[in-house]
Amino acid sequence: MSLHQMAVSHPFLLSSRSAYNLNPLFFSKRSRFRFPLSHSRFTSINRRSFAVAASENGTFTSPESVKSFDFTSEERIYNWWQSQGYFRPKLDSGSAPFVVSMPPPNVTGSLHMGHAMFVTLEDIMVRYHRMRGRPTLWLPGTDHAGIATQLVVERMLASEGIKRVELGRDEFSKRVWEWKEKYGGTITNQIKRLGASCDWTRECFTLDEQLSRAVIEAFVRLHEKGLIYQGSYMVNWSPKLQTAVSDLEVEYSEEPGTLYHIKYRVAGGSRSDFLTIATTRPETLFGDVAIAVNPQDERYSKYVGKMAIVPMTYGRHVPIISDKYVDKDFGTGVLKISPGHDHNDYLLARKLGLPILNVMNKDGTLNEVAGLYCGLDRFEARKKLWSELEETDLAVKKEPHTLRVPRSQRGGEIIEPLVSKQWFVTMEPLAEKALHAVEKGELAIIPERFEKIYNHWLTNIKDWCISRQLWWGHRIPVWYIVGKDCEEEYIVARSAEDALMKARDKYGKDVEIYQDPDVLDTWFSSALWPFSTLGWPDESAEDFKRFYPTTVLETGHDILFFWVARMIMMGIEFTGTVPFSYVYLHGLIRDSQGRKMSKTLGNVIDPIDTIKEFGTDALRFTLALGTAGQDLNLSTERLTANKAFTNKLWNAGKFVLYSLPNRDNVSGWQNIQDCKFNTEEYLLGLPLPECWVVSKLHMLIDAVTESYNKFFFGDVGREIYDFFWGDFADWYIEASKARLYHSGDDSVTLVAQTVLLYVFENILKLLHPFMPFVTEELWQALPNRTEALIISAWPQTSLPRNTNLVKRFENLQALTRAIRNARAEYSVEPAKRISASIVGSEDVIQYISEEKEVLALLSKLDVDNIHFTGSPPEDAKQSVHLVASEGLEAYLPLADMVDISAEVERLTKRLSKMQTEYEGLKARLSSPKFIEKAPEDIVRGVQEKAAEAEEKINLTKHRLDFLKSTVVLSQ
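Residues numbered from 1 in each chain as written. Predicted model: local features only at pLDDT ≥ 70, side-chain atom pairs only at ≥ 80, totals over all residues. Heavy atoms only, no water.

As named in an unreviewed UniProt entry, the protein chain is valine--tRNA ligase, taken from Hibiscus trionum. Recorded in UniProt under Sequence similarities (unreviewed entry), the annotation for the protein chain is "Belongs to the class-I aminoacyl-tRNA synthetase family." According to its UniProt record, the protein chain has this under Catalytic activity (unreviewed entry): "tRNA(Val) + L-valine + ATP = L-valyl-tRNA(Val) + AMP + diphosphate". (UniProt positions renumbered as here; feature names shortened; annotations may be inferred.)

Here it is, written out as structure tokens:
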């Protein structure tokens, strides 16, 4: 295909857009200007394809042979990278390593946009620092996800008619491992699909032998320091899963409910002496231990110190007390205190020394404390209790009430606050060290505003419940003595053998022991992730010595407390060092309307489906344009725009390849390779467009590198995008056509070829961390590639640039835009070449005239009828006068642009029509009936239309006056 044929086949490459148009990231329409290439005289342009070189290894394709980038090639490229060992750290560079521990997704998981976000951002960091020459380790892995995995396998067994308890613990664990081996790799393969350049040879799983050893060691050490204890405290209880769950695994939702008003009679009083209590959970009244009122509430002051009778309990009495905790304006101002079933009541009871009464079994049924209601499900008991309260005249009323309902993240059931015997970690001494780490600058949290949230949480931290009543997970390394009190007599050990030996030393050789049935909270093992994955507790392990502490921890801001803060505390406690230097927090992915994605709303966007439609690069680029810590609204429009960006890159690569010399043009290629863009002398020797684009590139490299280093990834993406599309594609590629097709001078052509290649290959380098697949494909298609883009050197910073020459080209751009706008305003036919007089000072005219061919090409001027002068032309009054910038003007002869008589006739008809429409609008506005009766927004709309019509009429009149005066002057 010849260049002329290519120009016809791919007019996209011949387009130029007004710089006044909006960035396509905001989905604007663009004007297009196309130029015929029928007069091409340059014969050294490449007629032979580089596609052969690009596809020699069967991995890559070339823009010369493929119309657009094929998304299906992404997996092929990824497998090639991995097979070449590019994801493993190169340890011979001598520079400090860059290490990221991947937040381990649940082994049960399937890729969602949250995963896509963290994979994108972490891969950007890793690819950037790899190109900077640092040994990079991105360590991947998955989490055993105790509750989620056990739930999945239990459901699978239920479909076979099998219950977990029927199998027994060992057989159930065996079934879970079988499930993990069969299905556990799904999320890993999906992460690879996103282009994650992790070192998969170091992939970890939280139940691996090494990580399990670390978990046991951590528990033992904390217990030896007195930081782990056992006790009965309030926890979030899942009746269906029969386990305590963490705060993170509880989701609150606003749901319609009922507020029940119940009479509590005052003991020893008359029938009129009673307190009305409003509650949303009447079934917990069996656990009431007191009735509280506000000490300033005069309605109830006479009852303070007396006893109240709890309904339906056969006369059980509880004290009536006063406490400022009670909100006298909520409900009736009377609070029932049920410390066994409410977090706030529990804290109040402990403060006041009240007893704790539990009325519920672990399965959500009521226990013997509830008397006749024993054995009933909590919700069934609620219905029956209310019915009987009505029968006994103790029910006052019930009314609709919006509830904040705690539900299990995994099963969806309502969580029950319950006092249960669990294992806890004392957090305050650990939190103190983590607070100091941020205060002393050992750890930076990005964005900085999250430091306040971090500090607040650690300052008010509560002890951590680390035990779970599950079978899948790390078994708690505690053994009890048969026949002894579990709370008083137990042994903490690193193994069953060690535990038995300790027991025999203390209780004799005939002692029998059994292990605590509970497992550790999944977050306990995750808290050790940055160092357990590198070999800890073996601090002599090579990976631990080389890669710990890590560099960056990147994750969602929603788990700053539950995971990030715990890693910091554990890292300092066990290694004496903060586990990472930076915490980068991303926001949530929302839909185009800013709503949280959910199956209920039907607005969930699947990353794999998105990749199939738009490509991985477009998805990654879209996600990376967000701002740290802020939620991102994801829409099809954004994805479509960035898919177009991928195509634009591909077509630009096609243009560059077709513009280069033949592969066998040895001298031409030698000249290209000899160019020294890193010297100011070479830069100043370039023609104006070339000096401008190279200077802008060098400025971009510095700006982008700084933004990468500051974690301003959104800025990086926008800066590269704007340069590539707004400067390189729109302006320089178009300007280069004057060299390539019209110069007739091989040396001038060579300069354009050299600059095109230099700028484009550096764009690919800068963009590679964001869009790895299309950039690698294009890089491999370029000639003389000695290494893969993924491991190529990052562009050098502080390269020469000339701001004065940049401003000169900006004047040329301003002149071009002014001429283009005038052509559009006067509806000049796109293919028509017009004459022009360019007026300016001597130095301006000198550098503008030197780029006469470029100006003619970009502005569609007749190159033989462009006149450069220091004063207005004789026909100035018959020309359209344009002021491009200070000291630079243009005069476009009107007769060259339009048929004046025909234009006068057209505008006269148009003016008549506009005046008719305007008079109709004014008539409506002058009608009192319309003004009085029409809605305010309708009236305002008519007023705005009238003002707009008046402005258009005035402009058209001015245009007509100008055209008529031109006719008179020409006669």
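After that view of the structure, there is still more to cover.
A. Expanded view of the overall build of the protein chain. The helix and strand tally for the protein chain stands at 34 helices and 29 strands. In summary, the protein chain has a C-alpha radius of gyration of 38 Å against a globular reference of 30 Å for 971 residues, an excess of more than 25%. Seen along its three principal axes, the alpha-carbon backbone of the protein chain occupies a region of about 115 × 85 × 55 Å. The 971 residues of the protein chain split such that 55% are buried. Taking all contacts inside the protein chain whose residues are at least 6 apart in sequence as the whole, residues at least 24 apart take part in 76%. (Helix = DSSP H or I, 4+ residues; strand = E, 2+ residues; numbered from the N terminus. Rg over C-alpha atoms; globule rule 2.2 N^0.38 Å. Buried < 20%, exposed > 50% of the residue type's maximum accessible area, 1.4 Å probe, protein only. Contact = heavy atoms within 4.5 Å.)

B. Seen up close, the environment of Thr-243. Turning to its location among the elements, Thr-243 is positioned in strand E6 (residues 243–245). Distance in space between the C-alpha atoms of Thr-243 and Arg-833 is 80 Å, their sequence separation being 590 residues. A polar side-chain atom of Thr-243 sits 2.7 Å from the main-chain amide nitrogen of Gln-469. (Polar contact = N/O pair within 3.5 Å; in protein donor to acceptor, adjacent residues only side chain to side chain.)

C. Molecular detail of the side chain of Glu-554. Position of Glu-554 relative to the elements: it lies in strand E22 (residues 552–556). At 12 Å, Arg-620 is the nearest oppositely charged side chain to Glu-554, a buried residue that forms no salt bridge. At a separation of 2.4 Å, a polar atom in the side chain of Glu-554 contacts the side chain of His-586. Beyond its immediate chain neighbours, meaning those up to four positions away, Glu-554 contacts Pro-103, Phe-118, Leu-121, Glu-122, Met-125, Tyr-584 and His-586. (Lys, Arg positive; Asp, Glu negative; His and termini not counted. Salt bridge = Lys/Arg side-chain N within 4 Å of Asp/Glu carboxyl O.)

D. Highlighting the nonpolar core. In this structure, Phe-728, Val-759, Phe-770 and Ile-838 are the most contacted members of the largest nonpolar core, which totals 166 residues. For this core, the element with the most residues is helix H25 (residues 713–742), which contributes 15 residues. Non-local contacts of Phe-728, meaning those with residues more than four positions away in its chain, are made with Val-656, Val-693, Phe-723, Ile-733, Leu-756, Val-759, Phe-760 and Ile-763. Leu-227, Ile-466, Val-478 and Met-567 belong to the second-largest nonpolar core, a separate cluster that totals 65 residues. (Core = buried A, V, L, I, M, F, W, Y, C linked by side-chain atoms within 4.5 Å.)

E. Fine view of the pattern of salt bridges. Here the structure, examined in full by the defined rule, presents 40 salt bridges. The network of salt bridges with shared partners includes Glu-74, Glu-75 and Arg-193.

F. Focus on the environment of Ala-565. Relative to the elements of secondary structure, Ala-565 occurs in helix H18 (residues 560–575). Each C-alpha atom, one on Ala-565 and one on Thr-284, is 35 Å from the other, the two residues being 281 residues apart in sequence. Those residues within four positions of Ala-565 in sequence are excluded, and the remaining contacts are Tyr-454, Trp-457, Leu-458 and Leu-560.

G. Focus on the side chain of His-115. Tracing the chain through its elements places His-115 in helix H4 (residues 113–131). For His-115, a relative accessible area of 10% puts it in the buried group. The contact partners of His-115, leaving out residues within four places of it in the chain, are Pro-105, Ser-110 and Ile-187.

H. Expanded view of unusual backbone geometry. Cis geometry marks the peptide bond from Ile-446 to Pro-447, where omega comes out at 0 degrees. Structurally, the position occupied by Pro-447 is in the loop between strand E15 (444–446) and helix H13 (450–459). Along the chain, Tyr-548 connects to Pro-549 via a cis peptide bond; the corresponding omega equals 0 degrees. For Pro-549, the location among the structural elements is in the loop between helix H17 (542–547) and E22. Unlike most non-glycine residues, Ser-798 shows phi in positive territory, near 60 degrees. Assignment of secondary structure puts Ser-798 in the loop between helix H27 (772–781) and helix H28 (803–825). What makes Ser-798 exposed here is its relative accessible area of 63%. Although it is not a glycine, Lys-860 adopts a positive phi angle of roughly 60 degrees.

I. Region of interest: the layout of surface pockets. Considered as a void within the structure, the second largest pocket measures approximately 1200 Å³ in volume. Together, 44 residues line the second largest pocket, and Thr-280, Arg-281, Asp-342, Leu-403 and Arg-404 are the ones closest to its centre. For the lining of the second largest pocket, the secondary structure elements donating two or more residues are strand E7 (250–265), strand E8 (274–279), strand E12 (334–337), helix H10 (343–352), helix H11 (378–391), strand E13 (395–408) and strand E14 (416–425). (1 Å grid on protein atoms, 1.4 Å probe; cavity = no way out; pocket = protein on both sides within 12 Å on 5 of 7 lines; lining within 4 Å. Points joined across faces, edges and corners; volume = space filled by probe spheres on them.)

J. Summary view of the sheet that holds strand E26 (residues 834–840). On the basis of which strands lie adjacent, the open sheet formed by 4 strands has the order E27-E26-E29-E28 and mixed pairing. The sheet is open, and its two edges are formed by strand E27 (861–869) and strand E28 (879–885), each paired on a single side. The sheet shows a mean angle of 25 degrees between the axes of neighbouring strands, direction not considered. Both E26 and E27 contribute to a ladder of 5 bridges, which runs parallel. (Pairing = 2+ DSSP bridges. Axes fitted to C-alpha atoms, helices over the stretch in contact; angles between N-to-C directions.)

K. Up close: the packing of H13 against H18. Between H13 and H18, whose axes approach to 11 Å, the crossing angle comes to 75 degrees. The pairing of H13 with H18 is recorded here as roughly perpendicular in orientation. Between H13 and H18, the residues in contact are Phe-450, Ile-453, Tyr-454, Trp-457 and Leu-458 and Leu-560, Phe-561, Ala-565, Ile-568 and Met-569, respectively. By residue class, the composition of the contact of H13 with H18 is 10 nonpolar, no polar and no charged. (Parallel < 35°, antiparallel > 145°, perpendicular 65-115°, else oblique. Nonpolar A, V, L, I, M, F, W, Y, C, P; charged D, E, K, R; others polar.)

L. Inspection of the sheet that holds E12 at higher detail. Strand order in the open sheet formed by 4 strands is E10-E11-E9-E12, and the pairing between neighbours is mixed. Looking at the sheet topology across the chains shown, the edges are occupied by strand E10 (307–309) and E12. Averaged over all adjacent pairs, the angle separating strand axes in this sheet is 35 degrees, with direction ignored. Relative to E12, strand E9 (residues 290–293) runs antiparallel, the two sharing 4 bridges. The partner of Val-293 across the bridge, within E12, is Val-334.

M. Examining the packing of helix H26 (residues 746–767) against H27 more closely. Where H26 meets H27, the axes come as close as 9 Å, and the angle between the chain directions of the two elements is 150 degrees. As the angle between them shows, H26 and H27 are arranged roughly antiparallel. Remark: the crossing between H26 and H27 carries left-handed chirality. Contact with H26, carried on its side by Phe-760, Glu-761, Leu-764, Lys-765 and Leu-767, involves Thr-775, Leu-778 and Trp-779 of H27 and no other residues of that element. The residue makeup of the contact of H26 with H27, split by class, is 5 nonpolar, 1 polar and 2 charged. (Left-handed = near helix turned anticlockwise from the far one by under 90°.)

N. Structural context of the pairing of E26. Within E26, 7 of the 7 residues are buried, which leaves the element mostly enclosed by the surrounding structure. Both faces of E26 are covered, namely the face carrying Ile-834, Ala-836, Ile-838 and Gly-840 and the face carrying Ser-835, Ser-837 and Val-839.

O. Quick look at the confidence of the model for the protein chain. Residue-level pLDDT values for the protein chain average 89, and 93% of them are 70 or greater. Overall, residues 1–49 carries pLDDT values under 50, and its contacts beyond four positions in sequence, including any with other chains, amount to 130 contacts. (pLDDT = per-residue confidence, 0-100.)

P. Summary view of empty space enclosed by the protein. Following the criterion strictly, the structure yields 3 cavities of 30 Å³ or more and no others. Elements supplying a minimum of two residues to the lining of the largest cavity: H4, strand E23 (582–586) and helix H20 (616–624).

Q. Fine view of helix H7 (residues 169–183). Given a rise of 1.5 Å per residue, 15 residues ought to cover 21 Å, and the 21 Å separating the end C-alpha atoms of H7 matches this to within 8%. Check the buried side of H7 and you find it contacts helix H5 (146–159), helix H6 (164–167), strand E4 (204–205) and strand E21 (519–520). (Expected span 1.5 Å × (residues − 1).)

R. Structural view of the environment of Ala-814. Checked against the element boundaries, Ala-814 lands in helix H28. Ala-814 gets classed as buried once you look at its relative accessible area, which sits at 14%. Once the C-alpha coordinates of Ala-814 and Ala-652 are considered, the two residues, 162 residues apart in sequence, prove to be 24 Å apart.

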